[in-house]
Amino acid sequence: MSSTTTPRVLDGTAIAAEIKSELVSKVAEAKHRGYTPGLAVILVGENPASQLYVKSKVKTCAELGIYSEMHTPHESVTTDQLLALVQSLNERNEIDGILIQLPLPAHVDTELLLEAVIPEKDVDGFHPINAGRLLSGAPSEKVLAPCTPAGIMEMLHRSNIPISGQRAVVIGRSNIVGKPIAAMLINASATVTVCHSRTRNLPEIVREADIVVAAIGRPGFVTPDMVRPGATLVDVGINRITDPAEFNRFFANSPSRQESFAKRGSTVVGDIDPAAFALSSAYTPVPGGVGALTIAMLMSNTVKAAAMRRS
Ligand code: NAD
């Protein structure tokens, strides 16, 4: 069975560029009013993936005119020392957002630290106060919401995908993606079901969805037989694959992927089997879909936090 129309690609890179260009004007406006939005990033130790993420966050701040500073304590830093750092950043007026890059070393109490960031500067939206505000349906301009699900909502809104009254199925129940996107979809009047590792008859439930959000962390978990033709598919997963057999399962017919796989020995695939995209009315590609929006939303939260603290 296939959809009668060609699926629309929801281009995260283009939408992120649009959001960033709007932010340039908002930052200029803030400067005109006498302040510069500022982000402090805490990166503990030398995890190469974290270093890469932080570098691109700092670079994006520079592009948009947002002030940023990096704090890079040694791997052996204690929870108390980190709490003291967060406290000092909480108190500084020129810092509007505090981002603690995860994961932290195992000896550090991550939960305690995330709760130490004052909610007004919690640009990752992980503080229980912000999670509670999101759940209670506070207007989005008054909530600092987690960046990845906020990016998904921006993408759906800006692409005019209907949400109100639609049946949405979220696969995954993490605090970073699954739970907050479920709350946001409910707030936007979708009928939401959340599936997870203990869900019975998962394919049957997913087949009922007008909108599928997959945030599981398993390559190609959502197969074409689980997709209702015409559904919107939102793929949050970022899974690096290196096994040629697994590669061929997804990309046997894609010459461009084959070329890059041969060169690099790896590629990324989402939680949705790319073969399922053909059945959809719209889908987010991997890469270039949801992932492209996360940093733009972090910037947006920083600008929003700066304005909210001064209003
Ligand atoms: P997580 O590991 O915290 O949670 C995974 C969830 O999937 C859990 O709730 C679990 O119940 C569910 N799950 C696992 N196996 C399952 C199964 N067999 N059937 C049904 N549900 C199952 O993951 P996360 O942090 O939410 O991330 C999910 C994926 O999204 C990962 O690939 C991650 O890399 C990606 N991610 C992308 C971005 C982005 O910016 N695009 C941001 C965060 C996470």
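Okay, so let's go over this structure. All figures in this text were calculated on a predicted structure; none of them were measured in a lab.

Rules behind the numbers
Residues numbered from 1 in each chain as written. Predicted model: local features only at pLDDT ≥ 70, side-chain atom pairs only at ≥ 80, totals over all residues. Heavy atoms only, no water. Pairing = 2+ DSSP bridges. Helix = DSSP H or I, 4+ residues; strand = E, 2+ residues; numbered from the N terminus. Buried < 20%, exposed > 50% of the residue type's maximum accessible area, 1.4 Å probe, protein only. Core = buried A, V, L, I, M, F, W, Y, C linked by side-chain atoms within 4.5 Å. Domains from an automatic or database assignment. Contact = heavy atoms within 4.5 Å. 1 Å grid on protein atoms, 1.4 Å probe; cavity = no way out; pocket = protein on both sides within 12 Å on 5 of 7 lines; lining within 4 Å. Points joined across faces, edges and corners; volume = space filled by probe spheres on them. Nonpolar A, V, L, I, M, F, W, Y, C, P; charged D, E, K, R; others polar.

### Quick notes on the sheet that holds strand β5 (residues 167-171)
As summarised here, the arrangement of the six strands in space is β1-β11-β8-β7-β5-β6, forming an open sheet in which the pairing is parallel. The strands lining the two open edges of the sheet, one partner per strand, are β1 (8-9) and β6 (191-195). Bridge count between strand β7 (residues 211-214) and strand β8 (residues 232-235): four bridges; the pairing is parallel. Its bridge partner being in β8, Val212 is matched across the sheet by Leu233.

### Looking at the pairing of β8
With burial as the criterion, each face of β8 is covered, one bearing Thr232 and Val234 and the other bearing Leu233 and Asp235. Bridge count between β8 and strand β11 (residues 282-283): two bridges; the pairing is parallel. Bridge pairing in β11 links Leu233 to Tyr283.

### Focus on unusual backbone geometry
The residue after Leu102, namely Pro103, is reached through a cis peptide bond having omega 0 degrees. Mapped onto the elements of the fold, Pro103 is located in the loop between β4 (97-100) and α4 (110-116). A cis amide bond links Val286 to the next residue, Pro287, at an omega of -5 degrees. Mapped onto the elements, Pro287 comes out in the loop between β11 and α12 (291-310). Even without a glycine there, the phi angle at Asn160 is positive, about 55 degrees. Mapped onto the fold, Asn160 is located in the loop between α6 (147-158) and β5. We classify Asn160 as exposed; its relative accessible area is 66%. The phi torsion at Asn201 lies on the positive side, around 50 degrees, for a residue other than glycine. For Asn201, a relative accessible area of 46% translates into the label partly exposed.

### Some thoughts on the nonpolar core
Formed by 52 residues in total, the largest nonpolar core has its most connected members in Leu185, Val213 and Met299. Every element with two or more residues in this core is listed here: α1 (12-32), β2 (38-42), α2 (48-64), α6, β5, α7 (178-187), β7 and α12. When residues in this core are grouped by element, the largest group, eight residues, is from α12. Domain assignment of the residues forming this core places at least three in each of domain 1 (34-119) and domain 2 (145-293). Each residue touching Met299, except ones within four places of it in the same chain, is listed here: Leu23, Leu39, Lys57, Thr60, Cys61, Leu64 and Ile66. One finds Val169, Ala209, Ala214 and Tyr283 within the second-largest nonpolar core, a separate group that totals 18 residues.

### A look at empty space enclosed by the protein
Scanning the model with the defined rule gives one cavity of 30 Å³ or more in all. Here the largest cavity defines a volume of roughly 50 Å³. Lining the largest cavity are Ile98, Leu99, Ile100, Leu114, Val117, Asp122, Asp124 and Phe126. No other element matches β4, which puts three residues into the lining of the largest cavity. For the lining of the largest cavity, a count of residues per class yields six nonpolar, no polar and two charged.

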